[in-house]
Amino acid sequence: MSGYSEMEKKWQAEWSKNGLDRADRDAGKPKFMIIFAYPGVTGFLHVGHLRGYTCADAIGRYKRMTGYNVMFPVGTHATGNGAISLASRVANKDSDFIDYLIRNGCPEEKLEDLKDPMKAVDFFNTIYVNEYWKRFGFLADWRRFTSSVYADYGKFMQWQFRKLNEQGLLIQKPYFSPACPVHGPVAIDASETDISKGGNAEVQEYTLLKFKRGDEYLVAATLRPETVYGQVCFWVNPDVEYTRIKKGDETWIVSKEAAEKLKLQKDCIKVLSPIPGKEMIGWMCEAPMIHRDVPVLPASFSDPNIGSGLVTSVPSDAPDDWISLEALKKDPGLAERYGVPRSIIDSVIPISIISIEGYGDFPAQDIIKTMGITKPGDPRLDEAKKQVYKDGHHMGRMKDICGPFAGMKVEEAKDKMKQAMIDSGEAETFHDLTEEVVCRCGMPVRVKKVDDQWFIDYGNEELTERTSEHCRSMEIYPPEFNENVHSTLRWFRERACVRQGNWLGTRFPFDEKWIIEAISDSTLYPLYYIVSPYANSGKISPDNMTEEFFDHVVLGKGDVKKVSENTGVSEDLLKEIRDDIRYWYPLDVNLGGKEHMTVHFPVFLFNHRAILPDDMQPGGILVNWYVTGKKNKISKSKGGAQPIPGAIEQFGVDTLRLYYAHVASMFVDVEWSEESVMMYRQRLERIMGAVEELLSSERTGEKGDIDEWLISRFNGHTSTVRSAMEKYDLRQMATAVYFEMLNDIKWYGRRGGNNASTIKEALSIWIRLMTPVTPHVAEEMWSMTGFDSLVSSSLIPDAGPISCSSEYREAFIRDVMSDVAQIKKVTSAEPKKIFLYTTPSWKAKVMRMGLDMAESSTLDIPSLTKKCMADEAMRKNGKAVSEFVKKAVTDLTRSSSVSKKDMAETDEYSLLVSAKDFLREELCADVEIFSADDGNAYDPQNKSKAAVPGRPAIYFE
RNA sequence: GCAGGGGUAGCCAAGCACGGAAAAGGCGCAGGACUUAGGAUCCUGUUCUUAGUGAUACAAGGGUUCAAAUCCCUUCCCCUGCACCA
């Protein structure tokens, strides 16, 4: 195992010494620029992440070996609160987290440093580069490394936003965002990057309905404003304490929890005195829209944490309402406790308002019956509610009772009714989360209104159209994404692009209180890799990188002399950077995981299209799927997967690289398993073993048929590799190189091939084809074979000619062997002697005639039969001929005729005679060969009549 | 809900966008060879049937065609992404 690691280091040092990892402008060479979407700095990476990165390196290496000047830069994305929360967990001595760090090889003395977010970023940057990417043998240009929190990178970002603004793509409007009171807006997503609980929560829009009572309002929250015509009462939880609040000059009653939430979303909210729910029971209040008085009744399901804590009751369409009302009616004792007269409760009668196919007048009643729910509090009520809501929303239609909205579809009525009530002052909107969400810092996350939020306007139709148009000329894989990227682009609306709070990132250039958000600052960055080496080497500093600077080097604006004066960058340097950008850009391939399909890739495309000219638009996108853990996804933050350095030690880098390239198509998820990785390790060892064996053998053989065959096969594989790599299909490429070529080498040896020059030529082809995926092993074998210089800097061979006939002849021999084995198995006999009878010449003749007819597409059974019968000799054999013709014709029409041609032209007899010794050894029996035309052939069972072209008859003794 | 993907031998997985012979390759399993005894290696086999060139298969059911895993329709079942997370 350690042997691998030494070998790996040796070649990595060689590549670096020879400058293979450095990408410099070379006007004499076509360029190729590839990146992978840089990872976020949130902890150690695991073996799954390297799948995509490895593909990028292999593609880059392949391109290099087909004559391109390749730039493959890497960087990291550290924007956000990942590093901050990481640092705070270390500072708080979070023992789980510290264990995780130590387990992944973080030295204890380093922990002190990690309390500083920026140092934590540096720490992981170093690990990504040194422990992962360099050790994986990537030929990345390390001088170009950048990170989204670097000052120079920030300057580029600010320039990008200035350009977006010039295009009129930045807009400002109010926004409702989940936010932590300490950290400001947070992202809610299943991977819980920003938060510690509630990854599945969503922001929901409620309609607040104002029920007038005297000079104050009871405020209910509903998700179904279209049901207001069915309101018959109002629910208050008698065991909850509510509160009056001042909202502008109105007085509202809501739950205390709701009051807190409203403060974040509405202006001028003041909390007044509390009021127990019990006190409100029996009140009458005026329902909005229908302007009828309805009674306030007790309901325990009314939760102060949801919505406003108060609920309007629509029993016809809300299962909870229906069942609570029924319970109330059946239990007069309960009602009397609150002093509500019976007559009031009896007067509350559900009103049918929506017709849904498959339901009666009262959908809520129907679903309760179907599900067998009998009393309030049944946990299935939630499911019942969802079902009725869903059916009502998609299939429902408003009944005549609904005034101006009668006859409308529910979907349509919903918005219209909501808007009507808002316009009349009877309703407002309110946003709430569907479940509890907690920030990484432990504070509850609530929906907060941000008045002056900035957005990038991806809804801009002109931009969407131009971007979509450009995509048509791009190479986008997989094909499914190539097709639906257009609908993804169209689906994009405005996107909030800045945030406030304790975050790492770039200040928004138009208002420094904002920080540019994580996705928006990683859209145009591939371009920055061309500038970054100048900043990294200190030739330019962030101060030099003004709007004018980027306008000039990126867009070619302004006069060099003037720009030089204003920015303090020399004219030569400006020219150099400008030339670099013109040479390298556009980006040829952006490779990223499937999660980027709906977020990163679209904004990457939009921003390029918005800011850069036609000749700087991206050329391709490649999406890779995941390596998953046994049951769930291997998670970056939650660990559980094998650390990368350990995996390298255990399996060797090239094993892993081959595993990623071959284990499955890039466009499916694969489950990580050590067994399958081991399989690839054995495969590599077998290949190295085979090469060593070839090199240590005598190699004194003459050139013969088998040499022609081997080179023909290798030429075929070379062309397979070339066409596979056109589509970046590493898997197909690897199948040819690591499986089929090895099999061919084995067969060559088995057939007695050992010609020195053939072997040298074959190895030269083979090893070069291996280099993109398994470069270390390839270098080792390359030098072992005695070839000069580095294989990594050589060129992939051109595919030479293929010899169909020699390939057919070998396949023929294999078929014969396979038939013999088949018969052996069926008879379970161990023959001492095997007799082979090649086809009678008349059958070959029929075949040839059939082929001719097939070529002029006049082939059918009657005409071929007629043609055969015209032949005097064949007519004697009439019956056999007509039978064979029948078979030959079906055979020829069913398959392509290419191989049949070789079949008809091969002299099977002399071919078998030449392979006689070989067959004797392989079959462990004496072999006698006869032509079926040979009248004197030994053939006691008359087997020879079964012989057909391509398939000799066989007899055992 | 919106958008999209998929169901091929014990397992993984090609092929299907350009319909043309049980369908690559690998793993596993079974025989055999070999032995520096190794997470080996090398042969052979692995739907059924049979001294071989026959039958039947590509989730299920229909259709188009001389011919369908591949095109069309219906049904069933799995999976993925969905905006401040790259």
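## A few points about the nonpolar core
One finds L101, W133, F138, Y738, W766 and L919 to be the most contacted residues of the largest nonpolar core, which totals 155 residues. The greatest single-element share of this core, amounting to 12 residues, is contributed by helix α26 (residues 730-750). In this structure, M33, V450, W514 and I577 belong to the second largest nonpolar core, which totals 70 residues.

## Looking at helix α27 (residues 756-770)
Over its 15 residues, α27 runs 21 Å from end to end, which matches the ideal 21 Å to within 8%, given 1.5 Å per residue. Counted residue by residue, α27 has 11 buried out of 15 residues, so it is predominantly covered. Along its buried surface, α27 packs onto α24 (674-696), α25 (705-726), α26 and α28 (775-785). Its side-chain oxygen 3.0 Å from the backbone nitrogen of S757, N755 forms the N-cap of α27.

## What about the pairing of strand β32 (residues 953-956)?
Where burial is concerned, the two faces of β32 agree: the one with A953 and Y955 and the one with I954 and F956 are both buried. Both strand β30 (residues 833-838) and β32 contribute to a ladder of 4 bridges, which runs antiparallel. Residue I834 lies in a different strand from β32, and its bridge partner there is F956.

## Considering the packing of aromatic side chains
A full pass over the atoms with the stated rule returns 53 aromatic pairs. Measuring from ring centre to ring centre gives 3.8 Å for Y38 and Y525, while their planes differ by 5°; the resulting arrangement is stacked. Taken as a pair, Y38 in the loop between β1 (31-36) and α2 (50-64) and Y525 in helix α17 (residues 525-536) lie far apart in primary sequence, 487 residues in all. When its relative accessible area of 8% is taken as the criterion, Y38 is described as buried. Taking NZ or CZ as reference, R61 lies 4.3 Å from the ring centre of W15, over its face. Over the ring of F918 we find R751, and its NZ or CZ is 4.7 Å from the ring centre.

## Things to note about the layout of surface pockets
Approximately 1,500 Å³ is the volume attributed to the second largest pocket. In this structure, the second largest pocket is lined by 47 residues; those nearest its centre are Q204, Y206, L223, I306 and K385. For the lining of the second largest pocket, the element with the highest residue contribution is helix α13 (residues 381-395), accounting for 7 residues. Per-class residue counts for the lining of the second largest pocket are 17 nonpolar, 12 polar and 18 charged.

## Details of the state of the cysteines
The full count for this structure, using the stated rule, is 0 disulfides. Here C402 is not cross-linked by a disulfide; its sulfur's nearest cysteine counterpart is in C233, at 17 Å. Owing to a relative accessible area of 0%, C402 belongs among the buried residues under this scheme.

## A look at the sheet that holds strand β6 (residues 184-185)
A sheet is described by the order of its strands in space; here 4 strands give the open sequence β6-β5-β21-β23, paired in antiparallel fashion. If you trace the sheet from one side to the other, it starts and ends with β6 and β23 (494-496), each paired once. Strand direction decides the pairing type here: strand β5 (residues 170-180) and β6, joined by 2 bridges, are antiparallel. Looking across to β6, one finds that C180 is bridged to G184. In this fold helix α7 (residues 256-265) packs onto β5 and β21 (446-457), with an angle of close to 25° to the strand it touches most, β21.

## Quick notes on the sheet that holds strand β22 (residues 475-477)
Ordered by their spatial adjacency, 5 strands build an open sheet running β2-β1-β26-β27-β22, and the pairing between neighbours is parallel. Bordering the open sheet on either side are β2 (69-71) and β22, each of which pairs with just one other strand. With strand direction ignored, the average angle separating the axes of adjacent strands in the sheet is 15°. In the sheet, β1 pairs with β2 via 3 bridges, with the strands oriented parallel.

## As for the pattern of salt bridges
Overall, the coordinates contain 46 salt bridges when judged by the stated rule. Two residues, K173 and E494, come together in a salt bridge whose shortest N-O distance is 3.3 Å. Of the two residues, K173 is situated in strand β5 and E494 in strand β23; the sequence distance between them amounts to 321 residues. The partly exposed category is assigned to E494, whose relative accessible area is 33%.

## Focus: helix α31 (residues 861-869)
Burial in α31 covers these residues: L864, T865 and C868. Down the axis of α31, the sector holding all buried residues measures 100°, keeping them to one side.

## Description of the confidence of the model for chain A
Mean pLDDT over chain A stands at 86; residues scoring 70 or higher make up 96%. Note on residues 631-640: pLDDT is under 50 here. Beyond four places in sequence and across chains, it has 19 contacts.

## What to know about unusual backbone geometry
Note the cis peptide between Y477 and P478, where omega equals 0°. As for its placement among the helices and strands, P478 is situated in the loop between β22 and α16 (479-491). Cis geometry is adopted by the peptide bond preceding P586, which originates at Y585 and carries an omega value of 10°. By secondary structure assignment, the location of P586 is in the loop between α20 (571-584) and β26 (589-593).

Reading the values: rules and limits
Residues numbered from 1 in each chain as written. Chains lettered and ligands numbered in written order. Predicted model: local features only at pLDDT ≥ 70, side-chain atom pairs only at ≥ 80, totals over all residues. Heavy atoms only, no water. Core = buried A, V, L, I, M, F, W, Y, C linked by side-chain atoms within 4.5 Å. Buried < 20%, exposed > 50% of the residue type's maximum accessible area, 1.4 Å probe, protein only. Helix = DSSP H or I, 4+ residues; strand = E, 2+ residues; numbered from the N terminus. Expected span 1.5 Å × (residues − 1). Contact = heavy atoms within 4.5 Å. Polar contact = N/O pair within 3.5 Å; in protein donor to acceptor, adjacent residues only side chain to side chain. Pairing = 2+ DSSP bridges. Phe/Tyr/Trp six-rings, centres within 6.5 Å; stacked < 30°, edge-to-face > 60°. Lys NZ or Arg CZ within 6 Å of the ring centre and 35° of its normal. 1 Å grid on protein atoms, 1.4 Å probe; cavity = no way out; pocket = protein on both sides within 12 Å on 5 of 7 lines; lining within 4 Å. Points joined across faces, edges and corners; volume = space filled by probe spheres on them. Nonpolar A, V, L, I, M, F, W, Y, C, P; charged D, E, K, R; others polar. Disulfide = S-S within 2.5 Å. Axes fitted to C-alpha atoms, helices over the stretch in contact; angles between N-to-C directions. Salt bridge = Lys/Arg side-chain N within 4 Å of Asp/Glu carboxyl O. Arc of directions from axis to C-beta. pLDDT = per-residue confidence, 0-100.

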